[in-house]
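What the coordinates show
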Amino acid sequence: MQFNKEIYVEGKLISLKSPTFVIAEAGVNHGGDMTIAKKLIDLAVEAKADAVKFQTFKAEHLILNDIQKAPYQKDTTDANESQYDMLKRLEVSREQNLGLKQYCMDKGIVFLTTPFDEESLEEIDELDLPAYKVASTDTTNLPFLKKIAKKGKPIFLSTGMSYLSEVKLALKTIYEYNKDVVLLQCTANYPIQDNEVNLAVINTYRDNFDILLGYSDHSVGVGAAPFAIPMGAKVVEKHFTLDKNDEGPDHAASLSPDELIEFVKTVRRVDSYMGSKIKEPSLSERSTRKSLQKCMVASQSIKKGDLLTNDNLVAKRTGGIGISPIDYESIIGIESHKSYKKNEVISID
């Protein structure tokens, strides 16, 4: 399977040569309050993220009524409340999503939201968003993946909680209908321990799939995402919040406003560090090269007609004048066309 290596999301290019595409994951940290949701968008804009992402679901289509919360959810919310009741409070309607999309357009940031059920998918489709994010919970939901793929929009596919064999099946399902996919390594807990990050999976994905790669980061603080970039990640995603102490399932594992700003700055700095794959002197090195690299000079007096040898030649800094020692073999054994004093630069004329 050969997926596309150039994907456009609302005019922003994601490719092997493009800057890292940063998704600021607001998720459900709005708590059902669209005023807070807009403040989250404002923060993502201030941090200079490429996109801000929310979550869209209908609780009755997502989960059975009596399912307990995940362990991390019990730690951060009322443990006696069902997962269904918690999710019901965090739903975002079509009208609310439309308002958030318009707000993002006005602010100049890409609006994304993850659909968690088929009804939500159809609602989002009517909003004509530029891409779909698939949560780790649906990596194995092949019928749902097929429906998303058929929408013909780029897909960010998270793969937390999954085996490699399941990821292969997910990509095979999508590939028949859609080749604009970014595959994201993810560990689906909030937050995760450092030894659960498993960035090495990015190498596994690169070895197994011909596809753009990324990383959805649930580690603490600025965390692991910047380290994923040198490994080939072209998309990174990170949860953020206005206040880590707010009540809700994801606040404690999210970045604070200052941390989000620092996160994006760090990602951009790593992009800068990555530079070009072409190994050649940089612009600043070219003048330094003249000062520091060496050329061949006489290590002792040489008379005209003497052979140039390893014994009467040596490399020293000459300010860029003369023959580079990389080419020294081309002059060894040649008769000197002139006499040289010690430390005089060798020339061939």
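The text that follows walks through the structure, step by step, so that each part is easy to find.

A word on unusual backbone geometry. Omega for the peptide link from Tyr190 to Pro191 comes to -5°, which places this bond in the cis form. Within the fold, Pro191 resides in the loop between β8 (181-186) and α9 (200-208). For Lys48, which is not glycine, the phi dihedral falls at a positive 70°. Locating Lys48 in the fold gives a position in the loop between α1 (34-47) and β4 (51-56). The exposure class of Lys48 is exposed, given its relative accessible area of 65%.

This paragraph deals with the packing of helix α5 (residues 94-107) against helix α6 (residues 118-127). Taken N-terminus to C-terminus, the directions of α5 and α6 make an angle of 35°; their axes are 10 Å apart at the nearest point. For the pair α5 and α6, the crossing hand works out as right-handed. Taken together, the residues of α6 that come into contact with α5 (itself represented by Arg94, Asn97, Leu98 and Lys101) are Glu123, Glu126 and Leu127. The residue makeup of the contact of α5 with α6, split by class, is two nonpolar, one polar and four charged.

Our focus in this paragraph is the pairing of β8. Here β8 lies mainly inside the structure; six of its six residues are buried. By the alternation rule, side chains of β8 split into Val181, Leu183 and Gln185 and Val182, Leu184 and Cys186, which are all buried. In terms of strand pairing, strand β7 (residues 155-158) meets β8 through four bridges, oriented parallel. Its bridge partner lying in β8, Ser158 is registered against Leu184. Regarding the hand of the β-α-β motif, the stretch spanning β7, helix α8 (residues 164-175) and β8 is right-handed.

Here we come to the environment of Ile323. Mapped onto the secondary structure, Ile323 falls in the segment after β12 (313-317). Note on Ile323: relative accessible area 17%, which makes it buried. Note: C-alpha distance between Ile323 and Val92 (231 residues apart in sequence) is 71 Å. Setting aside chain neighbours within four positions, we find Ile323 in contact with Cys295, Met296, Ile331, Ile346, Ser347 and Ile348.

Procedures and definitions
- Counting starts from 1 at the beginning of each chain's written sequence and moves along it residue by residue.
- Restriction of local features to residues with pLDDT of at least 70 applies here, the model being predicted, together with a cutoff of 80 or more for giving and counting side-chain atom pairs; totals for whole chains, interfaces and linings are based on all residues.
- The basis for the side-chain values is all heavy atoms of the structure; hydrogens and waters are excluded.
- Note on conventions: DSSP H or I runs of at least 4 residues are helices, E runs of at least 2 residues are strands, and numbering of each starts at the N terminus.
- A simple rule labels every residue: compare its accessible area, found with a 1.4 Å probe on the protein chains alone, to the largest value its type can have, and call it buried under 20%, exposed over 50%, or partly exposed in between.
- Lines fitted to the C-alpha atoms define the axes, with helices restricted to the stretch that makes contact. Angles between their N-to-C directions range from 0 to 180 degrees.
- Should the near helix be turned counterclockwise from the far one by less than a right angle, the crossing is left-handed, whereas a clockwise turn marks it as right-handed.
- Should any heavy atoms of two residues lie within 4.5 Å, those residues are counted as being in contact.
- Only Asp, Glu, Lys and Arg are considered charged, only Ala, Val, Leu, Ile, Met, Phe, Trp, Tyr, Cys and Pro nonpolar, and every remaining residue, Gly among them, polar.
- A pair of strands is labelled paired if DSSP reports no fewer than 2 bridges between them.
- Assignment of crossover handedness uses the view with strands pointing away from the viewer, where a clockwise path from the first strand over the helix to the second indicates a right-handed crossover.

Purely spatial values, then, with no claim about function.
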